[in-house]
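Fold and contact review
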Amino acid sequence: MGDNRVTKVVIVGGGTAGWMAAAALSRMMGHLSIRLVESDAIGTVGVGEATIPAIRLFNALIDLDEDEFIRETQGTFKLGIEFRDWGRIGDAYMHAFGQIGRSLGILQFPQYWLRGRREGVAGPLADYSLTETAARRNRFARLPRIPNTSLDGSTYAFQFDAALYAAHLRRIAERAGAQRTEGRIEGVRRNGETGHVEAVILENGEEIGGELFIDCSGFRGLLIEEALETGFEDWSHWLPCDRAVAVPSENAGPPRPYTQAIAQRCGWQWRIPLQHRTGNGHVFCSEFISEDEATATLLANIEGRPLAEPRTLRFRAGMRKRAWTGNVVALGLASGFLEPLESTSIHLIQNGIAKLLSHFPDRDFAAVNIDAYNRRVAFDYERIRDFIILHYHANQRTDSPFWVRCREMAVPDTLARKVELFRSHGRIFREEDELFIEIAWFQVLTGQNIAPQSYHPLADALTHDELAGFFSDIGKIVANTASRLPSHADFIAQHCAAGVSA
Ligand SMILES: Cc1cc2nc3c(=O)[nH]c(=O)nc-3n(C[C@H](O)[C@H](O)[C@H](O)COP(=O)(O)OP(=O)(O)OC[C@H]3O[C@@H](n4cnc5c(N)ncnc54)[C@H](O)[C@@H]3O)c2cc1C
């Protein structure tokens, strides 16, 4: 059995995906020889700065010190994403992380809230979420539960500088034994019989051989596509945005503990506040707006002075038909791309790594194991895809043909069924272990103005006065707790300000 073990892993690419893979494998599988090849001349995509709470599981996996990581990446905390102008111009709602309110018996909070809104005793969802209330007041503390209550506290993720994040992971990986080689890969040697990759060939002629190859080479997919021609499943008919223009700017005030996604006429704009700057970008559909106009829109809507020239990135929504083919596993942009609206790309890297660990191959690279991996990864991509499409599709905007097209397009059946069930009964069911939980869907569905016709009959078990008391109690606890939290800026200054050692 020992003879058949994979011992030599080659990682192609040193962006976020490459260094996440190197850090995780070197920490978790110390017996492996891990070589990472990257080319400074080619560089990385340089964006990817907002995350979701699941990243904390990855941090735990690689035993990362959270304060140190935030300090070294100029990071901030992220409690959710504020969506502005998505349903209609003037609308604002938040996808705040974690749970909201509390369930009673077997019935979840949103069903009581739907009844409470009809009867005028429930306020906005935010009133029952410490995470959102804290975000709106620019406050933050690590508080998983509200003390002496059965209510969740705040759930958080991070915003950080992408280049500094890769550098931080590199230090972790190299300390754990991963070896980095600088150089441009110009060729690939494959086995004549199996077609497996045996080595990558650098421009100086050096060959780097391995048994398992992890393709983290970015959009081009150096191994998975250019060498193995795996094929790409194109989802641009559902997610038509195909470019982004990005520019960093000076902070115009203390950094907010959340990301903003502001809809524009032919796309949307992100604002990601870090300690030393704000990341901005305008994601747009080139069929409806020129690059120059998109850049002008971005520059007109940033809060501080730009710190660099705007640069444009091109992409296509979709995924590789088989992210794992033969002895090559693609991670990151090499495996596919869903636009950054819900900050899911880094999560998909983490997810790919976790699944690679659970499906770790022998040198026979059994098809049954590879198929199982590919099915699970495709499922995760598809459910996240649906969640992102929902934001575009459920709009009532009339100001541009872009939004009309998004509203009128046919959506995947899986999404259409979810929306229909919600519209009729206010119900949402999380399928298997899909990423976004019911309350995340609920916030986006209601935030995009989809109103259910009814709520669950069990919510009628409370009298009107009991229902009013239920909301009033939770609202008071949340508001009182939020008012005692430190400001986000003070929390960072005290625990994890860049340039200050612990
Ligand atoms: C506009 C935009 C906004 C985004 N925002 C977010 C966000 O907010 N949150 C989020 O989670 N994700 C976001 N993403 C996605 C995120 O940026 C990526 O998932 C992440 O950076 C991983 O990129 P990567 O490592 O796969 O590729 P890259 O960063 O492109 O790295 C590729 C690596 O391969 C190397 N390489 C390529 N060819 C060769 C060669 N021939 N020889 C040697 N080395 C080679 C390069 O040098 C580089 O090191 C965003 C993406 C885009 C396009």
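Residues numbered from 1 in each chain as written. Predicted model: local features only at pLDDT ≥ 70, side-chain atom pairs only at ≥ 80, totals over all residues. Heavy atoms only, no water.

Describing the overall build of the chain
The cut-off we apply is this: Secondary structure elements follow DSSP: runs of H or I no shorter than four residues count as helices, runs of E no shorter than two count as strands, and numbering proceeds from the N terminus. It is over C-alpha atoms that the radius of gyration is taken, and the globule rule equals 2.2 Å times the number of residues to the power 0.38. Only protein chains enter the accessibility calculation, which uses a 1.4 Å probe. A residue is then buried if its area is under 20% of the maximum for its type, exposed if over 50%, and partly exposed in between. Throughout, a contact is declared for two residues whenever any of their heavy atoms are within 4.5 Å. Only four residue types enter the charge count, namely Lys and Arg as positive and Asp and Glu as negative; His and the chain termini do not. Taken as the charge location is NZ of Lys, CZ of Arg, CG of Asp or CD of Glu.
Tallying secondary structure elements over the chain gives 15 helices and 21 strands in all. Its C-alpha radius of gyration of 23 Å places the chain within 12% of the 23 Å reference for a compact globule of 502 residues. Here the C-alpha coordinates of the chain stretch approximately 75 × 55 × 50 Å along the principal axes. Expressed as a percentage of its 502 residues, the buried residues of the chain come to 57%. Here the contacts in the chain between residues at least 6 apart in sequence split such that 76% fall between residues at least 24 apart. Taken as two groups, the 54 positive and 63 negative side-chain charges of the chain have centres that lie 3 Å from each other.

A short note on the site of the ligand
Selection criterion: By convention in this text, a residue qualifies as near a molecule or strand provided that one of its non-hydrogen atoms is within 4 Å of it. What qualifies as a polar contact is a pair of N or O atoms within 3.5 Å, subject to a donor-acceptor requirement within protein and to the restriction that residues adjacent in sequence count only when both atoms come from side chains. The protein chains shown are the only cover counted for residues, whose accessible areas, like all others here, come from Shrake-Rupley with a 1.4 Å probe.
If you check the shell around the ligand, you find 34 residues, and the closest are Gly14, Ala50, Ile185, Leu333 and Ile346. In the environment of the ligand, an oxygen atom lies 3.0 Å from a nitrogen or oxygen atom belonging to the backbone of Ala17. In isolation the ligand offers 1,000 Å² of accessible surface; the protein chains occlude 98% of this area. Broken down by secondary-structure element, the contributors of at least two residues to the shell around the ligand are helix 1 (16-28) and helix 9 (345-358).

Digging into the environment of Arg316
Mapped onto the fold, Arg316 is located in the loop between strand 17 (311-314) and strand 18 (318-320). Here Arg316 falls in the partly exposed class, since its relative accessible area comes to 43%. Taking C-alpha positions, Arg316 is 9.1 Å from Phe219, a pair spaced 97 residues apart along the chain. If we skip the residues at most four places from it in the chain, Arg316 touches Phe232, Asp234 and Phe337. A distance of 3.2 Å separates the side chain of Arg316 from the side chain of Asp234, its partner in a polar contact.

Focus: the sheet that holds strand 18
Defined as follows: Strands are labelled as partners when DSSP assigns at least two bridges between them.
Taken in spatial order, the 3 strands make up an open sheet running 12-18-21, and their pairing is antiparallel. The open sheet has two edge strands with one neighbour each: strand 12 (232-234) and strand 21 (336-337). When strand 12 meets strand 18, the two strands line up antiparallel, connected through 3 bridges. When the bridges of strand 18 are listed, Phe232 appears paired with Arg320.

Brief notes about the nonpolar core
Heads up, the condition is: To define a nonpolar core, start from buried Ala, Val, Leu, Ile, Met, Phe, Trp, Tyr and Cys residues and group those joined through side-chain atoms within 4.5 Å.
Counting residues in hydrophobic clusters, the biggest one holds 143 residues, and the most contacted among them are Trp86 and Tyr392. Top contributing element to this core by residue count: helix 10 (residues 367-393), with 11 residues. Discounting chain neighbours no more than four positions away, the residues touching Trp86 are Tyr93, Ala261, Ile262, Ala263, Trp268, Leu341, His391, Tyr392, Asn395, Arg397, Trp403 and Gln448. One finds Val37, Val197, Val200 and Val328 within the second-largest nonpolar core, a separate group that totals 16 residues.

Some points on the pattern of salt bridges
Basically, it comes down to this: Any carboxyl oxygen of Asp or Glu within 4 Å of a side-chain nitrogen of Lys or Arg constitutes a salt bridge here.
Within this structure, the stated rule accounts for 36 salt bridges. In this structure, Arg256 engages Glu303 in a salt bridge whose closest nitrogen and oxygen atoms are separated by 2.8 Å. Here Arg256 is found in the loop between strand 13 (243-249) and strand 14 (259-264), whereas its partner Glu303 is found in the loop between helix 8 (291-300) and strand 17, with 47 residues between them in sequence. Judged by its relative accessible area of 22%, Arg256 falls in the partly exposed class. Where salt bridges share partners, they join Glu38, Asp40, Arg180 and Glu182 into one cluster.

Topic: helix 13 (residues 438-447)
Extensive coverage of helix 13 is indicated by the burial of 9 of its 10 residues. Every buried residue belonging to helix 13 is among Ile439, Ala440, Trp441, Phe442, Gln443, Val444, Leu445, Thr446 and Gly447, and all of these are buried. Buried residues belonging to helix 13 abut strand 5 (92-96), helix 4 (109-118), helix 5 (130-136), helix 10 and helix 12 (413-425). Just beyond helix 13, the residue with positive phi is Asn449, at close to 70°.

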